[in-house]
Amino acid sequence: MKTQLRMLVIGILIVSVITGIGGLTISSAYPQRMTLYAALDEPTLEALISKFEEDTGISVDLWRGGAGEVAARIRAEAAAPKGDVFIGGSVDVHGDLALEGLLAKTAPENAKLIPEPYKDPEGYWYGWYLGVLGLVLNTELFEKEMEGIPRPVSWDELLRPEWKGKVSTSGPHTSGGAYIFLVTQIFRFEKYAPFFGIPKGKAREAGEEAAFAWFKAFKENVKVFTIKATEPIVLTAMGETIVGMSWAHDILVYVEKGYPVELIVPPDTGFEIGGASVIAGGPNPEAAKMFLNFVLSKEAQEINATVGAKRYPVTPGVVSPPGAPSFESFSLVPYDREWAIANKARLLDKWDQVIGG
Amino acid sequence: MGEQIRSKLDLLAIFVIILLALVLLIFVILPVIKVFIYPSIKEYIVILTRPRSLRAMQNSLFITVMSTLTATLMGFIYAYAMNYTSMPGKRFLKSVILLPLLSPPFIVALAWILLFGGQGLITRQLLGWRRSIFGWHGLWVVQSIAFFPYAYLIINGILEGIDANLEYAAKNAGANGFYVFRTVTFPLALPGLLNAAILIAIYVLADFGNPIVIAGGWPVIPTEIFGRISGHYDLAGAAGLSAVLLLPAFGLFLLSRMILKGKSFITVTGRGAAQERPLVTSPTKWVFFSFCLFIVILIVSVYGTLVAGAFVKTWGINWSPSLEHLQVLWGVRGKSLYNSLFYSFFAGLGAAVFAVLAAYFIYGKAFWGKQVLDFISLLPAAIPGIFLGVGFLLAFNAPPIVLGGTATIVILGLMVWNIPLGYQACTAGLEQIGSEIEEAAINLGANPLRVFKDTILPLLKTPFLAGFIMGFLRSITNLSIVIFLIAPGKTVATVAILDLIQYAELGSAVTLAVALFGMALAVVGIAQILLGRGLRELMGFGG
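What counts, and where the lines are drawn
- Residues numbered from 1 in each chain as written.
- Chains lettered and ligands numbered in written order.
- Predicted model: local features only at pLDDT ≥ 70, side-chain atom pairs only at ≥ 80, totals over all residues.
- Heavy atoms only, no water.
- Helix = DSSP H or I, 4+ residues; strand = E, 2+ residues; numbered from the N terminus.
- Rg over C-alpha atoms; globule rule 2.2 N^0.38 Å.
- Buried < 20%, exposed > 50% of the residue type's maximum accessible area, 1.4 Å probe, protein only.
- Contact = heavy atoms within 4.5 Å.
- Areas by Shrake-Rupley, 256 points an atom, 1.4 Å probe, with all protein chains shown as cover.
- Lys, Arg positive; Asp, Glu negative; His and termini not counted.
- Charge placed at Lys NZ, Arg CZ, Asp CG, Glu CD.
- Phe/Tyr/Trp six-rings, centres within 6.5 Å; stacked < 30°, edge-to-face > 60°.
- Buried area = accessible area lost by both parts, 1.4 Å probe.
- Salt bridge = Lys/Arg side-chain N within 4 Å of Asp/Glu carboxyl O.
- Polar contact = N/O pair within 3.5 Å; in protein donor to acceptor, adjacent residues only side chain to side chain.
- Nonpolar A, V, L, I, M, F, W, Y, C, P; charged D, E, K, R; others polar.
- Patch = residues over 30% accessible without salt bridge, like charges linked within 9 Å, V, L, I, M, F, W, Y side chains within 5 Å.
- Core = buried A, V, L, I, M, F, W, Y, C linked by side-chain atoms within 4.5 Å.
- Pairing = 2+ DSSP bridges.
- Axes fitted to C-alpha atoms, helices over the stretch in contact; angles between N-to-C directions.
- pLDDT = per-residue confidence, 0-100.
- Expected span 1.5 Å × (residues − 1).
- Bend = angle between axes of the 7 residues up to and from the residue.

Along its length, chain B carries 23 helices and 2 strands. By the compact-globule yardstick of 24 Å for 543 residues, chain B fits well, its C-alpha radius of gyration being 24 Å. Taking the principal axes of its C-alpha atoms as reference, chain B extends roughly 75 × 70 × 45 Å. Residue burial in chain B is summarised as follows: out of 543 residues, 60% are buried. Looking at chain B alone, contacts between residues at least 24 apart form 81% of all its contacts between residues at least 6 apart. Accessible area of chain B: about 21300 Å², with a carbon and sulfur share of 69%.

Right, dumping it as structure tokens:
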């Protein structure tokens, strides 16, 4: 009995020591760590992270969320930041955080690869990919349940009463894409305002009025306003809704997987510049700068364009997403990014009052 | 019950008791208090009158009643079959029923999605339906399957402990099978049965993993608590709801204490090796057999579906075999498996060590405040995992004790949650050690340390191991406590699996789930080889 007990105690001690040493070895094999907050898809993240770890030996700890969730987390941790770098999400989201003093000013070497319009002149954030808004249509269900209704090739098609309860989209408070969608409609109506005799000076105001009226009608058809931008795609692919609004590059992932869905990019669509920034006061600033520099590199942009959700690079010469339409083929609204960033709080308030979704 | 008063308090005892008391006060009482005092009265009113909160409370009550009834019933039938029939394959049946203990309860929900979801094997492929079966119906089925093995374990122990002589006496006096059951077996089993039901009720009430995966928009309290924190950073609201969650759980806990009138709550004494009993007649036997077979098919289907899901390209869409999902094991998410192993090992070890010390120094001695410490040692059994998670989050993220984002807080949370199990096992073990052994050692001149180390400890080896292994298993499969305590790099497999499910990366999710199951199975297997002791025997010590 006593020897058994002794063996047991020794056994437990040995295992404790092994796991303890194992833990120490693993953490010392990677002398540096870095915490990444990301709003990108799994395969892209896995590929980027393993490339970075391979190249630098720095171990990356990941927290993934929707862009809105990541921003909320960064704000919540403001007193004691735990994240080092934020990648993914539109630069609007990064711009917001910069205004609140939550991002660090950086000057990475690869910043020279990023064309002027795509980076913050102050150096708080950098754009490193482009994406356009589109619709995901469940072709199977569309054929079965929407006979006689034309394919939704334009935004206005979604206002048809027959779409009631069959549409999904995300909410602008939590989803960067949804907010861009909101201002895209404003800019779209502003673009066509002259056709209705509205003078240039009043075009934006009129555009805003028209956009909110559009959303009021749109809301009637929406089954659910999701939290994340990508959720409508899952809902549509699974058949919970027939059409959803989300990022084209995320939609294409589901098309490739073989789900019965198709991508439609309506004219006068919005686009995002995907952002990357270093969080102010993070625990590993040196490693953070290295990661930021890596993300802006041609290599990282190529990974982003070819693995997982295929996003368009910003640096000329980097390969374009294989199999996807070229970025130039999209009809984009004239997008006033500064105005969009400056008016965000006001527009979100207005959304709550007028739409309340 | 006969608490045996051991030797008077010596220096060693005083030291250990103070240490244990500190651990209990800081890591059990403090978090509980923090949760209750965190929201202001106004914040309490706000969160408790929200329509969604009210719906969640209603739904929680409803599903707790439903799932508890079915899980307890299923457990009872299965246990009765094991003890009162001569059906074939009992050893196999007794082993299969334990498999669900090696996985997080929510993998049943995951398998459910694969079978009955929008792209489900059964809904879409076989029946051609478009709709998925989410909502409360799915949750009810899933929870019944996930929790009834726990009911079985307890009820089986109860039934084993019933004196077969009474049943034989009744039979010999002329009663038929059903009469014996109705007048002898059932009344004797009833207190234990109620206890099993109460335990299951606490599990269902506190269940977070299954509803978050499958209940769609049907809110229950644990998912609401999570939503408040992860969606809105509303700690006050989360604390308020957690307080509401604790009250019924605590009430159930007190109820079970009353029912057992101080006897072991979860523990079964383990001395009830199978007695010979009057068995059911042949036709009834085969009815029971079909039921058990059906259960086995259910359990095997769950795991079979998961394994299949790991090796199929895109479930429901592209059935071609593929090894691509294995990549998740070597990527960022796969790192969590190591953390799961590491944290659970130390959590289980810590809980078992605490349990042994507490059993001897608190339960086994008499001193002022002993009843209180004894009660607090059992208290975590009443605390829903998610409440404990919120409590730790509130108590240890600010000075004086800052543990937020470390591995320590995860290990401590899991350890504390597992103390009651080991404590129950060790106190039951202690009951069986006569005080004569201790007195003899003292008379022979042994100092207190020697008495504890050389006489008590060896005799508590089995309950210690039981506490360790059960603590390990419960820790490695836990989701509700860890979900608020993990941080990037310190995350565990259950959280990674949940993340992957929420991103609809089902192939990766099931791969990770199967790997986790394999890991738990391997550890249990190694323990079985090293210790030469059947898992089932050890399980007899714990719920």
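Structure shown, so let's carry the discussion forward.
Helix and strand counts for chain A come out as 13 helices and 11 strands. Buried residues in chain A amount to 55% of all 357 residues. When contacts within chain A are restricted to residue pairs at least 6 apart in sequence, long-range pairs at least 24 apart make up 74% of them. Per element, the accessible surface of chain A, about 14700 Å² overall, is 59% carbon and sulfur. Between the mean site of the 34 positive side-chain charges and the mean site of the 44 negative ones, chain A shows a separation of 3 Å.

A full pass over the atoms with the stated rule returns 62 aromatic pairs over all chains. Ring geometry for F181 of chain B against F186 of chain B: centres 5.8 Å apart, planes inclined by 45 degrees, an arrangement best described as tilted. Judged by relative accessible area, F181 of chain B falls into the buried class, the value being 18%. Assessed through its relative accessible area of 30%, F186 of chain B is described here as partly exposed. Three or more aromatic residues link up through ring pairs in this structure, and these residues are W155, F181, W214, F215, F218, F225 and W351 of chain A.

Here we take up the interface of chain A and chain B. Many analyses report the size of an interface as the accessible area lost when the parts associate. Residue-level contacts link 47 residues of chain A with 33 residues of chain B. Carbon and sulfur atoms supply 58% of the area that chain A and chain B bury against each other, a total of about 3500 Å² over both sides. For the pair chain A and chain B, the interface holds 2 salt bridges. The residue R333 of chain B makes a salt bridge to E42 of chain A at a minimum N-O spacing of 2.5 Å. Our count for the contact surface shared by chain A and chain B stands at 7 residue pairs in polar contact (both at pLDDT 80 or more). Among the elements that line the side of chain A that touches chain B, the one with the most residues is helix α1 (residues 2-29) of chain A, at 11 residues. Residue composition of the side of chain A that touches chain B, grouped by class: 20 nonpolar, 12 polar and 15 charged.

Attention now moves to the side chain of T269 of chain A. Its place among the elements puts T269 of chain A in the loop between β9 (261-264) and β10 (271-279). There is a polar contact of 2.7 Å between the side chain of T269 of chain A and the backbone oxygen of L133 of chain A.

Let us now look at a nonpolar patch on the surface. Side chains of L9, L11, I14, I18 and L22 of chain B sit close together on the surface and give an oily, nonpolar patch of about 470 Å² of accessible area. With respect to the helices and strands, L9 of chain B occurs in the segment before α1 (11-37).

The backbone phi angle of D268 of chain A is positive, close to 55 degrees, even though this residue is not glycine. Residue placement: D268 of chain A occurs in the loop between β9 and β10. Positive phi is not limited to glycine here, since A504 of chain B has a value of about 60 degrees. Within the secondary structure, A504 of chain B sits in the loop between α21 (493-502) and α22 (506-531).

Further remarks concern the nonpolar core. Membership of the largest hydrophobic core comes to 185 residues, with the highest contact counts inside it found for Y78, I225, F392, F484, I497 and I501 of chain B. Per-element accounting of this core gives the leading share, 17 residues, to helix α14 (residues 335-363) of chain B. The contacts of F392 of chain B, once residues within four sequence positions are left out, are F27, P31, N397, I409, L412, G413, V416 and L485 of chain B. Counting residues in hydrophobic clusters, the runner-up holds 95 residues, among them L97, W128, F212 and W351 of chain A.

Glancing now at the pairing of strand β5 (residues 126-138) of chain A. Residues and elements named next belong to chain A. For β5, the tally of buried residues reaches 13 of 13 residues, placing the bulk of the element in the interior. Two elements, β5 and β10, share 6 bridges in a ladder whose sense is antiparallel. Paired with G131 across the strands is E272, a residue of β10. Examined bridge by bridge, β5 and strand β11 (residues 312-313) share 2 bridges and lie antiparallel to one another.

Another aspect to go through is the packing of α14 of chain B against α21 of chain B. Residue and element names in this part refer to chain B. As a packed pair, α14 and α21 sit with axes 7 Å apart at the nearest point and diverge in direction by 145 degrees. Within the contact between the two elements, α14 uses S336, L337 and S340 and α21 uses A493, T494 and A496. For the contact of α14 with α21, the per-class residue count stands at 3 nonpolar, 3 polar and no charged.

All names here are of chain B. Looking at chain B, the pLDDT average stands at 86 and 92% of residues meet or exceed 70. Mean pLDDT across the elements of chain B bottoms out in helix α23 (residues 535-539) (57) and peaks in helix α3 (residues 51-84) (94). Scored below 50 in pLDDT, residues 1-6 makes 21 contacts in the model with residues more than four places away or belonging to other chains. Taken together, the stretch residues 264-272 has pLDDT below 50 and engages in 27 contacts with residues farther than four places along the chain or on a different chain. Across the predicted assembly, pTM comes out at 0.85 and ipTM at 0.77.

This part takes up helix α9 (residues 177-206) of chain B. Its 30 residues give α9 of chain B an end-to-end C-alpha distance of only 38 Å, which falls more than 12% under 44 Å, the value for a rise of 1.5 Å per residue. At L190 of chain B, α9 of chain B is deflected by roughly 50 degrees, the largest bend along its length, and proline P191 of chain B occurs up to four residues later in sequence.

Residue and element names in this part refer to chain A. Under the counting rule described, the total for this entry stands at 34 salt bridges over all chains. With a closest N to O distance of 3.2 Å, E77 and R73 form a salt bridge. The partner of E220 in a salt bridge is K164, with the nearest N and O atoms 3.7 Å apart. Taken as a pair, E220 in helix α7 (residues 200-221) and K164 in the loop between α5 (139-145) and β6 (167-170) lie far apart in primary sequence, 56 residues in all. Look at E220 and you get partly exposed, because its relative accessible area is 48%.

Moving on, we get to the pairing of β10 of chain A. Residues and elements named next belong to chain A. Summarising burial for β10: 9 of the 9 residues are buried, a large majority. Strand direction decides the pairing type here: strand β4 (residues 103-104) and β10, joined by 2 bridges, are antiparallel. Bridge assignment links A104 to a residue of β10, and that residue is V278.

Turning next to the packing of helix α10 (residues 285-296) of chain A against helix α11 (residues 298-306) of chain A. Residue and element names in this part refer to chain A. Where α10 contacts α11, the axes come no closer than 4 Å and their chain directions differ by 60 degrees. On α11, the residues touching F294, V295 and L296 of α10 are K298, A300 and Q301. Within the contact of α10 with α11, the residues separate by chemical class into 4 nonpolar, 1 polar and 1 charged.

Residue and element names in this part refer to chain B. Within the secondary structure, I225 sits in helix α11 (residues 221-232). Spatially, the C-alpha atoms of I225 and L241 are 6.2 Å apart, while their sequence positions differ by 16 residues. With residues near it in sequence (within four places) discarded, I225 still touches A238, L241, S242, L245, I386, V390 and F484.

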